[in-house]
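# Observations on the model geometry
The primary structure of each chain is shown beneath.
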Amino acid sequence: MREIALNYQALLQQVFLYRKRAYAPYSGFSVGAALLGADGRIFGGCNIENSAYSPTLCAERTAFAKAISEGCRDFAALAVAGGPSGEEPRDYVSPCGVCRQWLVEFCRPEMPVILARTPEDYRIYSCGELLPHSFSAKMLCETEESDCSL
Ligand code: THU
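Residues numbered from 1 in each chain as written. Predicted model: local features only at pLDDT ≥ 70, side-chain atom pairs only at ≥ 80, totals over all residues. Heavy atoms only, no water.

## Some thoughts on the sheet that holds strand β4 (residues 112–116)
Applicable threshold: Any two strands are treated as partners once DSSP identifies two or more bridges connecting them. Secondary structure elements are taken from DSSP: a helix is a run of H or I of four residues or more, a strand is a run of E of two residues or more, and numbering for both begins at the N terminus. Convention adopted: a line fitted to C-alpha atoms gives each axis, helices being fitted over their contacting stretch, and angles between N-to-C directions are expressed from 0 to 180 degrees. Residue contacts follow a heavy-atom distance rule, with two residues in contact if any of their heavy atoms lie within 4.5 Å.
Taken together, five strands build an open sheet; the order of strands is β2-β1-β3-β4-β5 and the sheet is mixed. In this open sheet, the two strands that pair with only one neighbour each are β2 (42–46) and β5 (122–126). The sheet shows a mean angle of 20° between the axes of neighbouring strands, taken without regard to direction. Relative to β4, strand β3 (residues 75–84) is paired through three bridges, and the arrangement is parallel. Bridge pairing links Ala-79 to Ile-114 in β4. Helix-sheet contacts for helix α2 (residues 59–69) involve β1 (29–37), β2 and β3, and the interaxial angle to β2 is about 140°.

## Re the site of the ligand
This is how it is decided: Here a residue is near a molecule or strand as soon as one of its heavy atoms is found within 4 Å of it. Pairing of N or O atoms within 3.5 Å defines a polar contact, subject to two protein rules: one partner must be a possible hydrogen donor and the other a possible acceptor, and residues neighboring in sequence count only if both atoms are side-chain atoms. Method for areas: the Shrake-Rupley scheme with a 1.4 Å probe, in which residue coverage is limited to the protein chains shown. Polarity classes work like this: nonpolar for Ala, Val, Leu, Ile, Met, Phe, Trp, Tyr, Cys and Pro, charged for Asp, Glu, Lys and Arg, and polar for all others, with Gly in that last group.
Taken together, the neighbourhood of the ligand is formed by Ser-27, Phe-29, Val-31, Asn-47, Glu-49, Thr-56, Cys-58, Ala-59, Glu-60, Ser-94, Pro-95 and Cys-96. One nitrogen or oxygen atom from the side chain of Asn-47 is found 2.9 Å from an oxygen atom belonging to the ligand. Within the backbone of Ala-59, an N or O atom sits 2.9 Å from an oxygen atom of the ligand. Out of a free accessible area of 380 Å², the ligand has 78% covered by protein chains. Listing elements by their share of the shell around the ligand, those giving two or more residues are β1 and α2. Classifying every residue of the shell around the ligand by side-chain character gives six nonpolar, four polar and two charged.

## Quick word on the side chain of Ser-30
What counts is decided by this rule: A 1.4 Å probe rolled over the protein chains alone gives each residue an accessible area, and that area as a share of the maximum for its type sets the label: buried under 20%, exposed over 50%, partly exposed in between.
Tracing the backbone shows Ser-30 in strand β1. Since its relative accessible area comes to 7%, Ser-30 is described here as buried. Residues in contact with Ser-30, not counting those within four places in the same chain, are Arg-19, Ala-22, Ala-24, Asn-47, Ala-81, Gly-82, Gly-83 and Ser-85.

## Looking at the packing of α2 against helix α3 (residues 97–106)
The following threshold applies: Working definition: roughly parallel below 35 degrees, roughly antiparallel above 145 degrees, roughly perpendicular at 65 to 115 degrees, and oblique for all remaining angles. In a left-handed crossing the near helix is turned counterclockwise from the far helix by less than a right angle, and in a right-handed crossing that turn is clockwise.
One can describe the packing of α2 onto α3 by two numbers: an axis separation of 9 Å at closest approach and a directional angle of 30°. It follows from the interaxial angle that α2 and α3 lie roughly parallel. Considering only the axes of α2 and α3, their crossing is left-handed. Residues Glu-60, Arg-61, Phe-64, Ala-65 and Ile-68 of α2 touch α3, and the partners they reach there are Val-98, Cys-99, Trp-102, Leu-103 and Phe-106. Across the contact of α2 with α3, the residue classes tally to eight nonpolar, no polar and two charged.

What follows is the structure, given as structure tokens:
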């Protein structure tokens, strides 16, 4: 139990470090995320905006892209924090709908998602709580063409 709490502290430190690296000139809203791999590695990410707006990448998907491209696909926790750039977060930032769909692609429904205001003040939800009744690979397996290997 203690070990888990210590891991969360390391994860939360990364969230706030990566939040400072956000490229958010259009929204002025900086988000940091950190994914804890089952092997103990931590992958941090920040939001990366674009002048065309829709190509914007959220902090969570930046972290997922880093982890998966480094060969990590087994995750133990995700932590997120965000708010107006240059200020302490005022509230708990919850992953957007697209990021929730990424979450269910790679994470078990029980996996904890930590929404932090500060490294000491956070709320823990499960992946399944954030996106219940989600579309997933299982549904593709019900079609005749699919090989059900996912
Ligand atoms: N954003 C994230 O990075 N993660 C979320 O879950 C919510 C929104 C970013 C996208 C955009 O750069 C800014 O926050 C405002 O929406």
